[in-house]
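Analysis of the macromolecular model
What follows is each chain in one-letter form.
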Amino acid sequence: MNSILPSFTTLAAGARPARPNISVVMVVYRTGGALIESIKHVLDEPLVDEFVIVDNGSSPRDAEMLRALGLTEPRVVLQQGHGNVGFARGANLGATTAKGEYIIFINPDANMQTGCIAALVTAFRGQPTPTVVGARVMNTDGSEQRGGRRGEVTPITTLLSFGHLTRRYAGLSGYEIHRETEPLPRSPVPMPTISGACFALRRSDFEALDGFDEGYFLHVEDIDLCWRARQAGGQVIFQPKAQVVHLGHTSLEHPVKVEFHKGVGLSRYFIKRADTLQRYALAVFLAPAIMLMSVCRPLLWKITGRPI
């Protein structure tokens, strides 16, 4: 979590609580029209003591809106002027600034639903250190979104899941990592991997994990964090009662560029976690295929008319 960031400006309208309980961190970069609604949903949550917005780069209109918000809304702390340092570094910056005992990260295209904060925080009861708690991520029609709860992310499961081959061929079903079609649990349950769209950690757990690995620029830093929490003897929890509507694909950045970063992140993750020579060789060998499938996904979306 040791960042060397360009100079930045912090705006805050008033004094924050001396010991805030809950801080929300949102990293913003060319989000588009979804940003205002997402911010509104956070501020509508009465349990939020502090809302840190890290502006990695917005349109002039959105940047001015954020500055006005930072000067008028007492709970908002705005950080601007440091440029696009990537999600992981931006999130670490926000978490370092935040003072809450619990830190909740949310995407700028995700809308918290009523009771989300309370459900996330209560899921920590009785859990070990460190623990990551993920929300139930939903589509706008109320269905559960793909990627909200996942099994172990490996090179093989990633390649097969990217192409939906695990659902097209029964013999490959054991490699399916996405679990949104499984029955919804009634209470928090252990889950190898949760979505980075909305999740929470205790401050002490975040610090114990040394925050996000800043070697990831965009995507996969959440998968890495879940893996490191489990490696440290902790737990990753899926909380079905914490609900968030994730719009997705709202970024004004070209989708090929976004997916390129995802491919780079996945390849880096698999090489990083390879604990044998064979797994390292497999990760290196499959890296070009993962990159190719990543950058081709936007073309498939255009052909099929939907994200996959």
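Owing to the predicted nature of the structure, the values given are computational and were not obtained by experimental measurement.

A closer look at the overall build of the chain
- In terms of helices and strands, the chain carries 10 helices and 12 strands.
- Counting only contacts in the chain whose residues sit at least 6 apart along the sequence, the fraction spanning at least 24 positions is 82%.
- Per element, the accessible surface of the chain, about 13,800 Å² overall, is 57% carbon and sulfur.

Quick notes on the packing of aromatic side chains
- Counted under the stated rule, the structure contains nine aromatic pairs.
- For the pair phenylalanine 206 and phenylalanine 212, a centre-to-centre distance of 5.7 Å together with 70 degrees between the ring planes defines the contact as edge-to-face. A single burial state applies to phenylalanine 206 and to phenylalanine 212, both of which are buried.
- When the ring of tryptophan 227 is compared with that of tyrosine 269, the centres are 5.8 Å apart and the planes differ by 85 degrees; the resulting orientation is edge-to-face. Of this pair, tryptophan 227 sits in helix H8 (residues 221–231) while tyrosine 269 sits in helix H9 (residues 255–273), and the two are 42 residues apart along the sequence.
- Assessed through its relative accessible area of 12%, tryptophan 227 is described here as buried.
- Ring pairs connect the aromatic residues Phe87, Phe105, Phe199, Phe206 and Phe212, which therefore count as one cluster.
- Above the plane of the ring of tyrosine 216 lies arginine 268, whose end atom (NZ or CZ) is 4.6 Å from the centre.

Quick notes on the nonpolar core
- Membership of the largest hydrophobic core comes to 36 residues, with the highest contact counts inside it found for Val24, Ile39, Phe51, Ile53, Ile104, Ile106 and Leu120.
- Here this core takes five residues from helix H4 (residues 116–122), the largest share from any one element.
- Setting aside residues up to four positions removed in sequence, isoleucine 104 forms contacts with Ile22, Ser23, Val24, Val25, Met112, Ile117, Leu120, Cys198, Phe199 and Ala200.
- Counting 26 residues, the second largest nonpolar core, distinct from the first, contains Val27, Leu93, Met191 and Phe238.

Structural notes on the pattern of salt bridges
- Overall, the coordinates contain 17 salt bridges when judged by the stated rule.
- The closest approach of N and O atoms between arginine 75 and glutamate 73, which form a salt bridge, is 3.5 Å.
- As a salt-bridge pair, glutamate 152 and arginine 230 come within 3.0 Å of each other at their nearest N and O atoms. Highlighted residues: glutamate 152 in the loop between strand S8 (149–150) and helix H5 (155–162) and arginine 230 in helix H8, separated in sequence by 78 residues.
- For glutamate 152, a relative accessible area of 27% corresponds to the partly exposed category.
- With a relative accessible area of 25%, arginine 230 lands in the partly exposed category.
- Each of Asp213, Asp224, Arg228, Arg268 and Lys272 takes part in salt bridges that share partners, so that together they form one network.

Concerning the pairing of strand S2 (residues 22–29)
- Counting buried positions over the eight residues of S2 gives seven, a clear majority of the element.
- Bridge count for S2 against strand S5 (residues 102–106) is four bridges, and the pairing is parallel. Bridged to valine 24 within S5 is isoleucine 104.
- Here S2 runs beside strand S3 (residues 50–57); their pairing, made up of seven bridges, is parallel. Bridge pairing in S3 places tyrosine 29 opposite glycine 57.
- Following the backbone out of S2, through helix H1 (residues 34–43) and into the adjacent parallel S3, one traces a crossover that is right-handed.

Procedures and definitions
Residues numbered from 1 in each chain as written. Predicted model: local features only at pLDDT ≥ 70, side-chain atom pairs only at ≥ 80, totals over all residues. Heavy atoms only, no water. Helix = DSSP H or I, 4+ residues; strand = E, 2+ residues; numbered from the N terminus. Contact = heavy atoms within 4.5 Å. Areas by Shrake-Rupley, 256 points an atom, 1.4 Å probe, with all protein chains shown as cover. Phe/Tyr/Trp six-rings, centres within 6.5 Å; stacked < 30°, edge-to-face > 60°. Buried < 20%, exposed > 50% of the residue type's maximum accessible area, 1.4 Å probe, protein only. Lys NZ or Arg CZ within 6 Å of the ring centre and 35° of its normal. Core = buried A, V, L, I, M, F, W, Y, C linked by side-chain atoms within 4.5 Å. Salt bridge = Lys/Arg side-chain N within 4 Å of Asp/Glu carboxyl O. Pairing = 2+ DSSP bridges. Right-handed = clockwise from strand over helix to strand, strands pointing away.

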